[in-house]
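# Topology and contacts: notes
So you can see what is in the structure, the chains are spelled out below.
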Amino acid sequence: MGAASRNREIMGGFIPRTGTSRDGAPLSLSRTPPADLAPFVARFFVTIFDRPDDAVLEDFLLHETAYIRVPVIGQWSTMIEGAWQDYEGPMLFGAQQRRFPVRCVGPVVAAGFAIRPGGWFGFSDTPADALADRLAPIAPGRWNEALRWACDDVLDHEQTFARLHQVVREHLVVRAAAPDMVSARFERIARVDPTRPVTEVAAEFGISGRRLDRAVRQHFGHLPKTVMRRSRFLDMAAVMRGLAVPSADELAELRFYDASHLNREFREFVGMTPAQFRRTPTPLLTPGLEVRQQRKRADLAPHAPAPWLADGQPSTSLADMPIGMDLLPRDVAAPADTRGAARHR
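Residues numbered from 1 in each chain as written. Predicted model: local features only at pLDDT ≥ 70, side-chain atom pairs only at ≥ 80, totals over all residues. Heavy atoms only, no water.

Regarding its fold elements, the chain presents ten helices and nine strands. Burial analysis of the chain (345 residues in total) assigns 54% to the buried set. Sequence separation of 24 or more characterises 77% of the internal contacts of the chain that already satisfy a separation of 6 or more. (Helix = DSSP H or I, 4+ residues; strand = E, 2+ residues; numbered from the N terminus. Buried < 20%, exposed > 50% of the residue type's maximum accessible area, 1.4 Å probe, protein only. Contact = heavy atoms within 4.5 Å.)

Structure (C-alpha coordinates):
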(Lines give C-alpha, C1' and ligand atoms only; values in the text may rest on other atoms or scores of the structure.)
Protein backbone atom coordinates (compact mmCIF):
# COMPACT_ATOMS: atom_id res chain seq x y z
CA MET A 1 0.00 0.00 0.00
CA GLY A 2 1.41 3.39 -1.02
CA ALA A 3 1.67 6.47 1.18
CA ALA A 4 -1.39 8.11 -0.40
CA SER A 5 -3.52 4.99 0.18
CA ARG A 6 -2.37 4.70 3.80
CA ASN A 7 -3.20 8.34 4.43
CA ARG A 8 -6.65 8.01 2.86
CA GLU A 9 -7.30 4.90 4.96
CA ILE A 10 -6.45 6.54 8.29
CA MET A 11 -8.18 9.81 7.48
CA GLY A 12 -11.65 8.32 6.90
CA GLY A 13 -13.95 11.15 8.04
CA PHE A 14 -10.86 13.30 8.54
CA ILE A 15 -11.13 16.53 6.47
CA PRO A 16 -7.99 18.69 6.47
CA ARG A 17 -8.77 22.40 6.26
CA THR A 18 -5.21 23.75 6.26
CA GLY A 19 -3.71 21.86 3.34
CA THR A 20 -2.60 18.41 2.23
CA SER A 21 0.50 16.92 0.71
CA ARG A 22 0.55 15.23 -2.68
CA ASP A 23 0.46 11.94 -0.76
CA GLY A 24 -2.76 12.99 0.95
CA ALA A 25 -1.28 13.74 4.39
CA PRO A 26 -3.01 16.58 6.29
CA LEU A 27 -0.81 19.62 6.89
CA SER A 28 -0.75 22.83 8.91
CA LEU A 29 -0.81 26.29 7.39
CA SER A 30 2.29 28.21 8.48
CA ARG A 31 3.88 31.62 8.05
CA THR A 32 7.35 33.14 8.35
CA PRO A 33 7.46 35.65 11.26
CA PRO A 34 7.81 39.39 10.63
CA ALA A 35 11.41 40.62 10.74
CA ASP A 36 11.16 42.06 14.26
CA LEU A 37 9.92 38.72 15.64
CA ALA A 38 12.28 36.49 13.63
CA PRO A 39 15.02 36.33 16.32
CA PHE A 40 12.45 34.81 18.71
CA VAL A 41 9.91 32.93 16.58
CA ALA A 42 10.72 30.26 14.00
CA ARG A 43 7.26 30.02 12.42
CA PHE A 44 3.58 30.63 13.16
CA PHE A 45 1.04 27.91 12.36
CA VAL A 46 -2.66 27.07 12.22
CA THR A 47 -3.87 23.47 12.14
CA ILE A 48 -7.48 22.50 11.38
CA PHE A 49 -8.59 18.91 10.70
CA ASP A 50 -12.35 18.43 10.71
CA ARG A 51 -13.34 15.13 12.38
CA PRO A 52 -16.39 13.67 14.15
CA ASP A 53 -16.74 14.73 17.78
CA ASP A 54 -16.10 11.19 19.03
CA ALA A 55 -13.20 10.36 16.70
CA VAL A 56 -10.02 9.37 18.56
CA LEU A 57 -6.59 10.08 17.11
CA GLU A 58 -3.41 8.83 18.77
CA ASP A 59 -0.01 9.76 17.40
CA PHE A 60 3.24 11.32 18.58
CA LEU A 61 5.19 14.55 18.16
CA LEU A 62 8.92 15.18 17.76
CA HIS A 63 9.83 18.87 17.58
CA GLU A 64 13.38 20.21 17.58
CA THR A 65 12.28 23.57 18.96
CA ALA A 66 10.05 24.50 21.85
CA TYR A 67 6.69 25.90 20.85
CA ILE A 68 3.52 27.43 22.23
CA ARG A 69 0.34 25.69 21.12
CA VAL A 70 -3.22 26.84 21.76
CA PRO A 71 -5.77 24.03 21.33
CA VAL A 72 -9.08 25.59 20.37
CA ILE A 73 -11.30 22.56 19.74
CA GLY A 74 -10.85 18.90 20.63
CA GLN A 75 -10.03 17.09 23.86
CA TRP A 76 -6.25 16.76 24.12
CA SER A 77 -4.12 14.54 26.31
CA THR A 78 -0.55 13.34 26.46
CA MET A 79 1.03 10.18 27.84
CA ILE A 80 2.85 10.77 31.13
CA GLU A 81 4.31 7.81 33.02
CA GLY A 82 2.10 5.37 31.16
CA ALA A 83 -1.23 7.20 31.62
CA TRP A 84 -3.11 9.69 29.47
CA GLN A 85 -3.41 13.10 31.12
CA ASP A 86 -5.74 15.76 29.72
CA TYR A 87 -4.68 19.32 29.07
CA GLU A 88 -6.49 22.46 27.96
CA GLY A 89 -5.59 25.99 26.96
CA PRO A 90 -2.26 27.51 25.89
CA MET A 91 0.70 25.22 26.50
CA LEU A 92 4.45 25.64 26.32
CA PHE A 93 6.04 22.48 24.91
CA GLY A 94 9.73 21.88 25.38
CA ALA A 95 11.91 20.54 22.57
CA GLN A 96 11.63 16.77 22.21
CA GLN A 97 14.38 14.18 22.03
CA ARG A 98 12.05 11.18 21.73
CA ARG A 99 8.53 10.54 20.54
CA PHE A 100 6.00 12.47 22.60
CA PRO A 101 2.65 10.59 22.60
CA VAL A 102 -0.48 12.71 22.17
CA ARG A 103 -4.17 11.96 21.72
CA CYS A 104 -7.04 14.08 20.45
CA VAL A 105 -10.75 13.29 20.65
CA GLY A 106 -12.81 15.25 18.14
CA PRO A 107 -11.65 17.87 15.62
CA VAL A 108 -8.01 18.93 15.58
CA VAL A 109 -8.09 22.74 15.80
CA ALA A 110 -5.09 24.65 17.15
CA ALA A 111 -2.71 27.50 16.45
CA GLY A 112 0.59 28.73 17.81
CA PHE A 113 4.24 29.24 17.00
CA ALA A 114 7.62 27.53 17.17
CA ILE A 115 10.20 29.27 19.37
CA ARG A 116 13.73 29.82 18.14
CA PRO A 117 16.24 28.50 20.70
CA GLY A 118 18.00 31.87 20.85
CA GLY A 119 14.68 33.44 21.82
CA TRP A 120 13.81 30.96 24.57
CA PHE A 121 14.08 33.45 27.43
CA GLY A 122 11.61 35.71 25.69
CA PHE A 123 8.98 33.16 26.75
CA SER A 124 10.34 31.40 29.84
CA ASP A 125 12.17 32.25 33.05
CA THR A 126 13.74 28.79 33.40
CA PRO A 127 16.39 27.16 31.17
CA ALA A 128 15.07 25.09 28.27
CA ASP A 129 16.45 21.82 29.65
CA ALA A 130 13.99 22.12 32.58
CA LEU A 131 11.14 21.68 30.08
CA ALA A 132 12.78 19.31 27.59
CA ASP A 133 10.41 16.47 26.60
CA ARG A 134 7.70 18.01 28.77
CA LEU A 135 4.89 20.52 28.52
CA ALA A 136 3.67 23.19 30.91
CA PRO A 137 0.40 25.14 30.92
CA ILE A 138 0.62 28.89 30.44
CA ALA A 139 -0.49 30.18 33.84
CA PRO A 140 -3.81 32.06 34.03
CA GLY A 141 -3.22 35.75 33.47
CA ARG A 142 -2.77 38.27 30.67
CA TRP A 143 -0.40 36.14 28.53
CA ASN A 144 -2.84 33.22 28.71
CA GLU A 145 -5.76 35.51 27.88
CA ALA A 146 -3.86 37.16 25.03
CA LEU A 147 -3.07 33.81 23.40
CA ARG A 148 -6.69 32.66 23.72
CA TRP A 149 -7.88 35.94 22.19
CA ALA A 150 -5.42 35.61 19.31
CA CYS A 151 -6.74 32.14 18.44
CA ASP A 152 -10.45 32.42 19.28
CA ASP A 153 -11.54 32.71 15.62
CA VAL A 154 -8.94 30.43 14.10
CA LEU A 155 -10.99 29.77 10.97
CA ASP A 156 -9.97 33.26 9.90
CA HIS A 157 -6.33 32.35 9.67
CA GLU A 158 -5.03 35.74 8.48
CA GLN A 159 -6.64 37.39 11.50
CA THR A 160 -5.16 34.68 13.71
CA PHE A 161 -1.67 35.25 12.36
CA ALA A 162 -2.03 39.02 12.75
CA ARG A 163 -3.25 38.69 16.33
CA LEU A 164 -0.46 36.25 17.20
CA HIS A 165 2.06 38.73 15.82
CA GLN A 166 0.51 41.45 17.99
CA VAL A 167 0.40 39.57 21.27
CA VAL A 168 3.87 38.04 20.83
CA ARG A 169 5.33 41.45 19.98
CA GLU A 170 3.78 43.04 23.08
CA HIS A 171 4.84 40.12 25.27
CA LEU A 172 8.44 40.42 24.13
CA VAL A 173 8.43 44.15 24.89
CA VAL A 174 7.45 43.36 28.47
CA ARG A 175 10.00 40.55 28.84
CA ALA A 176 12.80 42.68 27.36
CA ALA A 177 14.92 39.59 26.71
CA ALA A 178 17.68 39.78 24.12
CA PRO A 179 18.16 36.84 21.72
CA ASP A 180 21.22 34.68 22.35
CA MET A 181 23.63 34.95 19.43
CA VAL A 182 25.58 31.75 20.20
CA SER A 183 22.35 29.76 20.08
CA ALA A 184 21.26 31.49 16.89
CA ARG A 185 24.53 30.59 15.18
CA PHE A 186 24.42 27.01 16.42
CA GLU A 187 20.81 26.66 15.32
CA ARG A 188 21.71 27.54 11.74
CA ILE A 189 24.62 25.11 11.68
CA ALA A 190 22.41 22.33 13.02
CA ARG A 191 19.86 23.05 10.30
CA VAL A 192 22.27 23.47 7.39
CA ASP A 193 25.21 21.19 8.22
CA PRO A 194 24.30 18.79 11.06
CA THR A 195 27.26 16.48 10.37
CA ARG A 196 29.83 18.93 11.72
CA PRO A 197 31.70 17.83 14.86
CA VAL A 198 30.62 19.81 17.91
CA THR A 199 34.27 20.40 18.88
CA GLU A 200 34.82 22.08 15.51
CA VAL A 201 31.78 24.32 16.04
CA ALA A 202 32.98 25.35 19.52
CA ALA A 203 36.41 26.21 18.09
CA GLU A 204 34.78 28.29 15.34
CA PHE A 205 32.83 30.19 18.01
CA GLY A 206 35.97 30.72 20.04
CA ILE A 207 34.52 29.09 23.16
CA SER A 208 35.15 25.88 25.07
CA GLY A 209 33.10 22.75 24.47
CA ARG A 210 31.79 23.02 28.02
CA ARG A 211 30.55 26.57 27.45
CA LEU A 212 28.85 25.51 24.20
CA ASP A 213 27.21 22.59 26.02
CA ARG A 214 25.89 24.94 28.69
CA ALA A 215 24.56 27.52 26.22
CA VAL A 216 22.86 24.93 24.02
CA ARG A 217 21.26 23.13 26.96
CA GLN A 218 19.91 26.42 28.32
CA HIS A 219 18.34 27.44 25.00
CA PHE A 220 17.69 24.19 23.08
CA GLY A 221 16.98 21.89 26.02
CA HIS A 222 19.43 19.18 24.95
CA LEU A 223 23.16 18.78 24.42
CA PRO A 224 24.73 19.92 21.13
CA LYS A 225 25.35 16.36 19.91
CA THR A 226 21.70 15.50 20.50
CA VAL A 227 20.61 18.60 18.59
CA MET A 228 22.78 17.62 15.61
CA ARG A 229 21.65 13.97 15.66
CA ARG A 230 18.00 14.98 15.89
CA SER A 231 18.41 17.40 12.98
CA ARG A 232 19.88 14.64 10.79
CA PHE A 233 17.07 12.32 11.81
CA LEU A 234 14.32 14.87 11.10
CA ASP A 235 15.84 15.62 7.70
CA MET A 236 15.66 11.93 6.83
CA ALA A 237 12.15 11.53 8.28
CA ALA A 238 10.97 14.47 6.16
CA VAL A 239 12.46 12.95 3.01
CA MET A 240 10.73 9.66 3.78
CA ARG A 241 7.44 11.56 4.13
CA GLY A 242 7.93 13.17 0.72
CA LEU A 243 8.73 16.60 2.19
CA ALA A 244 12.23 17.16 0.78
CA VAL A 245 13.34 20.75 0.20
CA PRO A 246 14.92 21.02 -3.29
CA SER A 247 18.73 21.12 -3.08
CA ALA A 248 18.72 21.23 0.73
CA ASP A 249 17.80 17.59 1.45
CA GLU A 250 19.46 15.78 -1.44
CA LEU A 251 22.16 14.31 0.81
CA ALA A 252 19.96 13.44 3.79
CA GLU A 253 20.43 9.67 3.43
CA LEU A 254 24.19 9.99 3.02
CA ARG A 255 24.44 11.46 6.53
CA PHE A 256 24.01 7.95 7.91
CA TYR A 257 26.94 5.56 7.74
CA ASP A 258 24.96 2.44 6.92
CA ALA A 259 21.60 0.71 7.42
CA SER A 260 22.37 -0.26 11.02
CA HIS A 261 23.18 3.37 11.85
CA LEU A 262 19.90 4.50 10.27
CA ASN A 263 17.98 1.81 12.19
CA ARG A 264 19.61 2.86 15.45
CA GLU A 265 18.67 6.51 14.98
CA PHE A 266 15.05 5.70 14.11
CA ARG A 267 14.73 3.49 17.17
CA GLU A 268 16.29 6.19 19.33
CA PHE A 269 14.02 9.01 18.22
CA VAL A 270 10.70 7.36 17.33
CA GLY A 271 10.96 3.81 18.65
CA MET A 272 10.54 2.08 15.28
CA THR A 273 12.57 0.96 12.30
CA PRO A 274 12.71 3.01 9.10
CA ALA A 275 10.46 0.42 7.42
CA GLN A 276 7.91 0.67 10.22
CA PHE A 277 8.03 4.46 10.00
CA ARG A 278 7.35 4.34 6.25
CA ARG A 279 4.28 2.15 6.85
CA THR A 280 2.86 4.12 9.77
CA PRO A 281 0.73 7.20 9.05
CA THR A 282 1.58 10.05 11.42
CA PRO A 283 -1.18 12.66 10.99
CA LEU A 284 0.09 14.78 13.91
CA LEU A 285 3.85 14.34 13.44
CA THR A 286 3.78 15.01 9.69
CA PRO A 287 2.35 18.57 9.93
CA GLY A 288 5.14 19.41 12.38
CA LEU A 289 7.74 18.04 9.97
CA GLU A 290 6.20 20.07 7.16
CA VAL A 291 6.29 23.31 9.20
CA ARG A 292 10.00 22.63 9.78
CA GLN A 293 10.51 22.03 6.06
CA GLN A 294 8.66 25.22 5.15
CA ARG A 295 11.05 27.12 7.36
CA LYS A 296 14.04 25.41 5.76
CA ARG A 297 12.66 26.19 2.30
CA ALA A 298 12.17 29.86 3.23
CA ASP A 299 15.74 30.05 4.57
CA LEU A 300 17.67 27.93 2.07
CA ALA A 301 15.60 27.77 -1.11
CA PRO A 302 13.25 30.77 -0.96
CA HIS A 303 12.56 30.82 -4.70
CA ALA A 304 11.74 27.12 -4.95
CA PRO A 305 8.11 26.06 -4.60
CA ALA A 306 7.18 23.48 -1.97
CA PRO A 307 6.97 20.42 -4.25
CA TRP A 308 5.15 18.31 -1.67
CA LEU A 309 1.98 20.45 -1.60
CA ALA A 310 -1.14 19.16 -3.32
CA ASP A 311 -2.88 21.38 -5.82
CA GLY A 312 -5.72 23.57 -4.56
CA GLN A 313 -4.40 24.64 -1.17
CA PRO A 314 -6.60 26.72 1.20
CA SER A 315 -7.74 30.09 -0.09
CA THR A 316 -7.14 33.40 1.67
CA SER A 317 -9.89 32.96 4.25
CA LEU A 318 -10.78 29.72 5.99
CA ALA A 319 -13.76 31.53 7.47
CA ASP A 320 -15.51 31.25 4.10
CA MET A 321 -15.09 27.46 3.94
CA PRO A 322 -18.11 25.37 4.95
CA ILE A 323 -17.45 23.18 7.97
CA GLY A 324 -19.38 19.97 8.58
CA MET A 325 -19.55 20.65 12.31
CA ASP A 326 -20.09 23.83 14.30
CA LEU A 327 -16.45 23.96 15.33
CA LEU A 328 -15.96 27.44 16.64
CA PRO A 329 -17.79 30.28 18.32
CA ARG A 330 -18.10 33.25 16.02
CA ASP A 331 -17.95 37.01 16.70
CA VAL A 332 -16.07 36.61 19.96
CA ALA A 333 -15.24 40.01 21.39
CA ALA A 334 -11.63 40.96 21.91
CA PRO A 335 -10.43 41.54 25.47
CA ALA A 336 -11.30 44.99 26.77
CA ASP A 337 -7.59 45.89 26.80
CA THR A 338 -6.23 44.16 23.69
CA ARG A 339 -2.84 45.81 23.91
CA GLY A 340 -2.57 45.10 27.61
CA ALA A 341 -3.58 41.48 27.08
CA ALA A 342 0.02 40.53 26.49
CA ARG A 343 1.55 42.75 29.15
CA HIS A 344 2.70 40.21 31.66
CA ARG A 345 5.31 37.59 32.13
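Time to look at the packing of aromatic side chains. In the structure shown here, the tally under the stated rule is ten aromatic pairs. Relative to F220, the ring of F186 lies with its centre 5.6 Å away and its plane at 85°, an arrangement referred to as edge-to-face. In this pair, F186 sits in helix α4 (residues 181–192) while F220 sits in helix α6 (residues 209–220), placing the two residues 34 residues apart along the sequence. The buried category is assigned to F186, whose relative accessible area is 0%. For F220, a relative accessible area of 5% puts it in the buried group. Grouping aromatic residues by their ring pairs yields a cluster made of F44, F113, F123 and W143. One residue, R69, lies across the ring of W76, its end atom 4.1 Å from the ring centre. The lysine or arginine in question, R241, covers the ring of F277, its NZ or CZ lying 3.9 Å from the ring centre. (Phe/Tyr/Trp six-rings, centres within 6.5 Å; stacked < 30°, edge-to-face > 60°. Lys NZ or Arg CZ within 6 Å of the ring centre and 35° of its normal.)

Take the environment of R267 next. With respect to the element layout, R267 can be found in helix α8 (residues 259–270). Taking the C-alpha atoms as reference points, R267 and R98, separated by 169 residues in sequence, lie 9.3 Å from one another. Dropping the residues within four chain positions of it, R267 is found in contact with M272 and T273.

On to the pairing of strand β8 (residues 100–115). Along β8, 13 of the 16 residues are buried, which leaves the element largely enclosed by surrounding structure. Note: strand β3 (residues 41–50) against β8, eight bridges, orientation antiparallel. Bridge pairing in β8 places R43 opposite A114. Strand direction decides the pairing type here: strand β4 (residues 56–61) and β8, joined by six bridges, are antiparallel. (Pairing = 2+ DSSP bridges.)

The next thing to look at is the packing of α4 against helix α7 (residues 224–240). Where α4 contacts α7, the axes come no closer than 8 Å and their chain directions differ by 35°. Viewed along their axes, α4 and α7 form a crossing whose handedness is right-handed. Between α4 and α7, the residues in contact are F186, I189, A190 and R191 and P224, V227, M228 and S231, respectively. Tallied by class, the residues present in the contact of α4 with α7 amount to six nonpolar, one polar and one charged. (Axes fitted to C-alpha atoms, helices over the stretch in contact; angles between N-to-C directions. Left-handed = near helix turned anticlockwise from the far one by under 90°. Nonpolar A, V, L, I, M, F, W, Y, C, P; charged D, E, K, R; others polar.)

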